[in-house]
Amino acid sequence: MREKTRKKRSVEKTWNVLFCGTGGQGVLTAAEICALAAMHSGYHVKKSEVHGMAQRGGSVESHIRFGPHIDSPLIKPSQADYIVCFHEGEGQRLNRYLKKGGLSFLTFLNDARYRPADKRFVNTFFLGILSAFLPMAEEAWRAALTRQLKRALTENEQAFGDGRKAGLTAMVKRND
């Protein structure tokens, strides 16, 4: 009975995920994969991207909101469930968006246990971690990966799987 109630609450809830980093880190790709996974899971999704001098390593952020019905793509300060940051400075700069009880990926960014074997796949690894915390099935995430990524799909799938295992472990530790 509890499992049904938990699933029902997660379907009715609006989820807010903020991706951030600098140009070239795969922020927009990761955000698109998350949005696609939510769509594959039947959620209404809105996404907004903010990027300045991304081609020169400038700030890049993407807001993803999904739930039963979403009107605005922008996350208000203190409303983000998750801040998935690929750059420490950007994660700190946008920390005002994190709600009480939310999770910033600065925790993972600064911990060697949460790094992929190949740093080129940090964004996919972090998507794997995020997938452990969000109510979308692993199959929806993998379908989104396959649809969005054209190069190094095998390596990205491996990084995602490794990240998902790390995320499941982190979720257990966080709930203890």
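Higher on the page you've got the structure.
Note that the structure is a prediction, hence the values are computed from the model and not measured.

> Quick rundown of the nonpolar core? Include the residues and the values.
Ranked by internal contacts, the top residues of the largest apolar core, which has 51 residues, are F19, F66, F105, L130, L134 and W141. It is helix α2 (residues 27–40) that contributes the most residues to this core, 9 residues altogether. Contacts of W141, omitting those with residues within four sequence positions, involve I33, C34, A37, L127, L130, S131, L134, M136 and F160.

> An account of the pattern of salt bridges is needed here, citing residue identities and associated values.
Inspection of the entire model under this criterion finds 10 salt bridges. With a closest N to O distance of 3.0 Å, R142 and E138 form a salt bridge. With R142 and E138 both in helix α6 (residues 138–148), this residue pair falls 4 residues apart, about one helical turn. Connected through shared salt-bridge partners, K13, D81 and K99 make up one network.

> Tell me what's going on with the packing of aromatic side chains, and back it up with residues and numbers.
Applying the stated criterion across every chain yields a total of 9 aromatic pairs. Consider the rings of W15 and F66, whose centres lie 6.3 Å apart with planes at 15°: the pair is stacked. With W15 in strand β1 (residues 15–22) and F66 in strand β3 (residues 59–67), the pair connects residues that are 51 residues apart, well separated along the chain. The two residues W15 and F66 agree in class, both being buried. Linked through ring pairs, F86, F105, F108, Y114, F125 and F126 together constitute an aromatic cluster. Here the basic side chain of K13 rests over the ring of W15, its NZ or CZ set 4.5 Å away from the ring centre.

> Tell me what's going on with the side chain of N156, and back it up with residues and numbers.
Tracing the backbone shows N156 in helix α7 (residues 153–175). A distance of 3.5 Å separates the side chain of N156 from the backbone oxygen of R151, its partner in a polar contact. Not counting the four nearest positions on each side in its chain, N156 is found in contact with F121, T124, L149 and R151.

> Lay out α6 in plain terms, naming residues and giving numbers.
A140, W141, A144 and L145 are the residues of α6 that are buried. The arc enclosing the buried residues of α6, seen along the axis, measures out at 140°, which places them on a common side. Turned more than 90 degrees away from the buried face of α6 sit E139 and R147, all of them exposed.

Rules behind the numbers
Residues numbered from 1 in each chain as written. Predicted model: local features only at pLDDT ≥ 70, side-chain atom pairs only at ≥ 80, totals over all residues. Heavy atoms only, no water. Core = buried A, V, L, I, M, F, W, Y, C linked by side-chain atoms within 4.5 Å. Buried < 20%, exposed > 50% of the residue type's maximum accessible area, 1.4 Å probe, protein only. Helix = DSSP H or I, 4+ residues; strand = E, 2+ residues; numbered from the N terminus. Contact = heavy atoms within 4.5 Å. Salt bridge = Lys/Arg side-chain N within 4 Å of Asp/Glu carboxyl O. Phe/Tyr/Trp six-rings, centres within 6.5 Å; stacked < 30°, edge-to-face > 60°. Lys NZ or Arg CZ within 6 Å of the ring centre and 35° of its normal. Polar contact = N/O pair within 3.5 Å; in protein donor to acceptor, adjacent residues only side chain to side chain. Arc of directions from axis to C-beta.

None of this, on its own, says anything about what the molecule does.
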